[in-house]
Amino acid sequence: MSNLEIPRGLRDLLPDEVKTRRCMEKKLVDLFGSYGYEEVVTPTFEFMEVVEEGTGGNIREELFLFMDREGGILSLRPEMTTSIARLVATHLQDEHFPRRLYYGANVFRHVQPQLAQYREFWQMGVELLGAPGPWADAEVITLAVKAMQELGVNNFKVSINQIEIFNSILEDKAISASARTAIRRLVENKDLVELSAVLETLPVEDGLKDTIASLPVLHGGLEVLDRIPYISRNRKASLAVEELLKVYDALKAFGIQDHIVIDMGVLRGLDYYTGVEFEGYSPDLGYGLLGGGRYDKLLGKFGFPCPATGFALGMDRLALVAGQQTEKAVHYLVGGTDYQAMARKADELRREGHVVELALESNRREELEQKIKSRENCILVYI
């Protein structure tokens with residue numbers, strides 16, 4: 001075979017990268033477990049209708065689709081929340097709630113590959129099921145902050161919003177469904193020029209246009225919520241603001257408010273979010289590091305109405321900005337001429353918790369001493 005390349009958007013992981021990954025995983029597994037979360041595993045692919053029922057049909061262009069031999073259309077999972085919702089609705093309806101679950105998995109999207117954006121990428125995350133209200137939202141946001149800290153990311157913020165503020169503002173009958181979709185994308189992408197052009201075409205009052213136009217740039221502390229005058233005229237939007245304030249108060253009680261920013265431009269791209277949404281960023285990387293929010297209607301699509309909230313961490317991106325994850329362990333190289341004695345000594349050192357290799361290619365002390373000079377933290381034991 002002459003072509004040894006791998007498909008675009010995929011990558012091989014070398015030993016040091018795998019060590020970093022396993023170290024990050026262990027830290028998060030320990031953290032999630034300490035909060036009472038239990039691990040679940042779902043299939044790598046689902047039926048396409050399950051994926052689209054959960055995420056919405058607008059994600060189809062990003063799916064990797066294929067057909068099984070029975071004629072079913074399958075999709076590699078593009079995210080994990082829908083799979084977790086299906087799992088819970090299928091297997092856990094009779095269990096006690098609230099239920100805390102976590103996962104670690106590779107997911108797949110047909111996106112344009114670039115730095116920190118792959119077509120196969122690694123996520124870890126949690127889902128808190130059966131718990132409504134601000135304290136549940138605050139728990140998962142707090143856990144997201146703790147996860148970033150545990151991985152050594154010190155310079156970061158978590159931006160929070162309430163999707164019903166945006167949805168309620170755009171409920172004006174004069175704004176078509178297609179216009180709402182376009183506006184949502186432009187606000188999320190902070191495309192102020194194109195957003196202004198779209199708003200100019202809408203037959204709505206200038207006050208509403210000005211409010212929508214301000215959303216992408218409204219971020220900061222609680223004072224942000226006072227800079228959206230149109231909200232006071234919209235009952236549903238006002239209630240969403242009140243809910244967001246309750247979540248913020250709960251986050252203060254958890255002691256993480258210094259990492260929190262109110263951002264009216266946080267509009268997660270997936271259709272299932274119904275309440276508080278959040279994203280984590282670091283100025284050290286121009287991409288989001290985590291994202292999540294409340295999705296109270298998703299499980300109902302699979303026959304099990306149940307409030308839920310959660311988040312996913314972009315582990316590939318976090319690996320680029322996280323602190324040093326692995327320490328260079330001391331290695332022993334056991335050499336000599338008596339292989340039976342060498343094997344006994346190697347086993348003895350391993351029982352003590354050390355990493356031990358046998359010198360298989362040479363039994364001369366001088367050659368082995370020369371070899372370990374080029375290896376960091378390596379000690380020769382010669383028998």
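Scroll up a little and you will see the structure.
In what follows, the accompanying structure is described. None of these values were measured; they are calculated from a predicted model. (Residues numbered from 1 in each chain as written. Predicted model: local features only at pLDDT ≥ 70, side-chain atom pairs only at ≥ 80, totals over all residues. Heavy atoms only, no water.)

Another point: the sheet that holds strand β9 (residues 260-263). One open sheet accounts for 9 strands, arranged β1-β5-β6-β12-β11-β10-β7-β9-β8; its pairing is mixed. Only two strands of the sheet have a single neighbouring strand rather than two, namely β1 (38-39) and β8 (219-220). In this structure, strand β7 (residues 157-162) lies alongside strand β10 (residues 276-282), joined through 6 bridges in antiparallel fashion. By the bridge assignment, Val158 is partnered in β10 with Gly280. (Pairing = 2+ DSSP bridges. Helix = DSSP H or I, 4+ residues; strand = E, 2+ residues; numbered from the N terminus.)

In this section: the packing of aromatic side chains. According to the stated counting rule, one finds 8 aromatic pairs in the structure shown. With a centroid separation of 5.6 Å and an interplanar angle of 55°, the aromatic rings of Phe32 and Tyr102 are classed as tilted. Within this pair, whereas Phe32 is found in helix α1 (residues 15-34), its partner Tyr102 is found in strand β5 (residues 99-108), the two being separated by 70 residues in sequence. By relative accessible area, which is 0% here, Phe32 ends up buried. Taken together, the ring pairs in this structure connect Phe32, Tyr102, Phe278 and Phe311 into an aromatic cluster. Over the ring of Tyr118 we find Arg11, and its NZ or CZ is 4.5 Å from the ring centre. (Phe/Tyr/Trp six-rings, centres within 6.5 Å; stacked < 30°, edge-to-face > 60°. Buried < 20%, exposed > 50% of the residue type's maximum accessible area, 1.4 Å probe, protein only. Lys NZ or Arg CZ within 6 Å of the ring centre and 35° of its normal.)

For the rest of this paragraph, the subject is the pattern of salt bridges. The final tally for this structure, using the stated rule, is 21 salt bridges. Here Asp347 and Arg350 are joined by a salt bridge, their closest N and O atoms 3.2 Å apart. Of this pair, Asp347 and Arg350 both sit in helix α11 (residues 339-351), separated by 3 residues, roughly a single helical turn. With relative accessibility at 37%, the residue Asp347 sits in the partly exposed group. With a shortest N-O distance of 2.5 Å, Glu361 and Lys371 are connected by a salt bridge. Here Lys371 lies in helix α12 (residues 365-372) and Glu361 lies in the loop between β14 (355-358) and α12, a separation of 10 residues in the sequence. (Salt bridge = Lys/Arg side-chain N within 4 Å of Asp/Glu carboxyl O.)

The buried fraction of β10 is high, at 6 of 7 residues. Where β10 folds back onto strand β11 (residues 285-294) in an antiparallel hairpin, the turn is made up of 2 residues.

On to the pairing of strand β12 (residues 308-314), then. The buried fraction of β12 is high, at 7 of 7 residues. Along β12, one buried face is formed by Ala308, Gly310, Ala312 and Gly314 and the opposite face, lined by Thr309, Phe311 and Leu313, is buried too. In this sheet, β12 lies alongside strand β6 (residues 120-129) in antiparallel orientation, the contact comprising 7 bridges. The residue of β12 that forms the bridge with Gly125 is Ala312.

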